[in-house]
Amino acid sequence: MSSRTEWSILAVDTGSGETLVESTPDLLLPTASVAKIFLLHHLAELLDEDASLGQLMLRKDSVAPVADSGLWQHLDAPALTLNDCARLVGAVSDNLATNVLLGHVGLAPVQAVARRLAAGGSMLNDSVRDVRGPEDAPMLSIGCAADWVAYFRTPHPTVLSWLAPSADLSMVSAAFGLDPLAHTDPVHDLRVWSKTGTDEGVRAEVGLLDVGGRRAAYAVICRFPGEVIPVLAQMRAYGTLILDALQDGDAPGPGSAR
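Analysis parameters
Residues numbered from 1 in each chain as written. Predicted model: local features only at pLDDT ≥ 70, side-chain atom pairs only at ≥ 80, totals over all residues. Heavy atoms only, no water. Core = buried A, V, L, I, M, F, W, Y, C linked by side-chain atoms within 4.5 Å. Buried < 20%, exposed > 50% of the residue type's maximum accessible area, 1.4 Å probe, protein only. Contact = heavy atoms within 4.5 Å. Helix = DSSP H or I, 4+ residues; strand = E, 2+ residues; numbered from the N terminus. Pairing = 2+ DSSP bridges. Salt bridge = Lys/Arg side-chain N within 4 Å of Asp/Glu carboxyl O.

Caption draft 1: Region of the structure containing the nonpolar core. Membership of the largest hydrophobic core comes to 52 residues, with the highest contact counts inside it found for L43, W148 and F152. Contacts of L43, omitting those with residues within four sequence positions, involve L82, A86, L101, V105 and W162. With 27 residues, the next largest nonpolar core counts I9, V211, Y218 and V231 among its residues.

Shown next as structure tokens:
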């Protein structure tokens, strides 16, 4: 891990193209679960070709158990539809559902999607593992803010539907004042679709914020060696900056980030 805090930050008004905040947007950093979006995008494209695939039943025991984020590991259901697995990934970053889906479609096609969509090198490197050995990819994913802002300027609508109920509003989205468990309907003309990533020394959030029809694609990624609380406070501050820019109608212009 780096001995200093590193940021990759970008937010852009999707209508005007104006930059709202920016700091080393092309810097590739670890992004934990963020790149699960590439899996969701691949699934969405498969469903565009054959919507019936969404009802395919996938078994929990088709892959090895995996812990940490998610609900399926705590549920009795031995199998879920492909659609429901994708919903779990979008809503709670479900690790077991992620691995079941990757086991079904394969990692290589997902990585091909990443290479097509992410010019800056953002990538899903592997399936989720409780323990990473020397033969495994050292981190689940890497990414830069520029790639994720480019994605969220023209996101796949099905991916947005899966991300809409995302329950992790602890980072940038903490500034938006939404109920983490119920925010899919517009509240005061405000909606957010986001994906977060959390690992030791890593916090990342990428997404799309809509305020009264004005939208910002944003990404705030941080790798840090120390305490997480100051990082979360800074991420919330960037959320406030982006929200204020959309509400005021006047972007603050490219800004430096700490």
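Caption draft 2: Region of the structure containing the pairing of strand 1 (residues 6–13). With respect to burial, strand 1 is a largely interior element, eight of its eight residues being buried. Side chains of strand 1 alternate between two faces, with E6, S8, L10 and V12 and W7, I9, A11 and D13 buried alike. Summarising the sheet, strand 1 and strand 10 (residues 214–223) pair through eight bridges and their orientation is antiparallel. Note on strand 10: the bridge partner recorded for L10 is A219. Bridge analysis of strand 1 against strand 2 (residues 19–23) gives four bridges, and the strand direction is antiparallel. Its bridge partner being in strand 2, I9 is matched across the sheet by S23. Remark: five residues form the turn of the hairpin made by strand 1 and strand 2, two consecutive strands paired antiparallel; G17 in that turn has positive phi of roughly 80°.

Caption draft 3: A look at the pattern of salt bridges. Inspection of every chain in the model, using the stated rule, returns 10 salt bridges. A salt bridge links R59 to D61; the shortest N-O distance between them is 3.0 Å. Across the salt bridge formed by D210 and R215, the nearest N and O atoms sit 2.7 Å from each other.

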